[in-house]
Amino acid sequence: MAHSKKGKPFSVRFRLPADRYVEAEARRTRRSKSDLVEALAEEAILTRRFAGLAFRGEDWNRRPWVIGSGLDVWELIDILRSYEGDVERLLADNDLERRHVQLALAYYDEHPEEIDDAIAENRRPIEELQELYPFVEFTGNRA
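By convention here, each chain's residues receive numbers from 1 onward along its written sequence. The predicted origin of the model limits local features to residues at a pLDDT of at least 70 and limits the giving and counting of side-chain atom pairs to 80 or more, whereas totals for whole chains, interfaces and linings rest on all residues. Hydrogen atoms and water are omitted, and side-chain values are computed over all heavy atoms in the structure.

Chemist: How should I be thinking about the pattern of salt bridges in this particular structure?
Modeler: One side chain can pair with another of opposite charge once the charged atoms of both are near each other. Salt bridges, as used here, are contacts in which a Lys or Arg side-chain nitrogen is within 4 Å of a carboxyl oxygen on Asp or Glu. The tally for this structure, following the rule as stated, stands at 17 salt bridges. Across the pair Arg27 and Glu23 runs a salt bridge, and its minimum N-O distance is 3.7 Å. With Arg27 and Glu23 both in helix α1 (residues 16–29) and four residues apart, the pair spans about one turn of that helix. The buried label goes to any residue with under 20% of its type's maximum accessible area, the exposed label to any with over 50%, and the partly exposed label to all in between, with areas taken from a 1.4 Å probe on protein chains only. On the basis of relative accessible area, Glu23 is assigned to the partly exposed category, the value being 34%. Secondary structure elements are defined from DSSP: runs of H or I of at least 4 residues count as helices, runs of E of at least 2 residues count as strands, and each element is numbered from the N terminus.

Structure (structure tokens):
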């Protein structure tokens, strides 16, 4: 999620169970309570704006995925590109629904840099990965 300028400060007081959760989660993730609450709020807002999306992954690598498809948004966009944008052919060849594709496209329209970065990361050359991770053995073909 992209970060921009900060808004006006305001204070909030949580009920005790929520406050305990925020405190524990901030400690676990080594983040300030403010940073944690901001991240949680951003995810909650996005899941409401893009109903059918959820987020998964570690705190440092949260990424949107399309519920019911099993695919992260970046994966679905990458697959669609391999079909040269032909949604009908994509739907005919895969176990996806039109709403999955529409949702991924809607998210991509508002967050193209985030999705393009994830696609680029996935397409890093094997040689570059072997240089970074010489202890990892790569097997099979990488398309």
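Chemist: Before we go on, may I ask you to explain the packing of helix α3 (residues 73–82) against helix α6 (residues 112–122) in this structure?
Modeler: Describing two packed helices takes the angle between their axes plus the distance from one axis to the other. In this analysis an axis means a line fitted to C-alpha atoms, helices contributing only their contacting stretch, and an angle means the value between N-to-C directions, from 0 to 180 degrees. Interaxial distance between α3 and α6 falls to 9 Å at its minimum, and their mutual angle equals 75°. With respect to α6, the element α3 is oriented roughly perpendicular. Along its contact with α3, which presents Val73, Trp74, Ile77, Asp78 and Arg81, the element α6 presents Ile115, Asp116, Ala118, Ile119 and Asn122. Polar here means any residue outside two lists: the nonpolar Ala, Val, Leu, Ile, Met, Phe, Trp, Tyr, Cys and Pro, and the charged Asp, Glu, Lys and Arg; Gly therefore counts as polar. Partitioning the contact of α3 with α6 into residue classes produces six nonpolar, one polar and three charged. Working definition: roughly parallel below 35 degrees, roughly antiparallel above 145 degrees, roughly perpendicular at 65 to 115 degrees, and oblique for all remaining angles. Contact definition: two residues touch when any of their heavy atoms are within 4.5 Å.

Chemist: How do you make sense of the sheet that holds strand β1 (residues 53–56) when you look at a structure like this?
Modeler: Hydrogen bonds along the backbone pair up the strands of a sheet, which may run parallel or antiparallel. As summarised here, the arrangement of the three strands in space is β1-β2-β3, forming an open sheet in which the pairing is antiparallel. Here the strands that pair on one side only, and so sit at the sheet edges, are β1 and β3 (71–72). Alignment of strand β2 (residues 63–66) against β3, held across two bridges, turns out to be antiparallel. Within the sheet, the bridge partner assigned to Trp65 lies in β3 and is Asp72. For two strands to be treated as a pair, DSSP must find no fewer than two bridges joining them.

No statement about biological role is implied by the geometric values presented.
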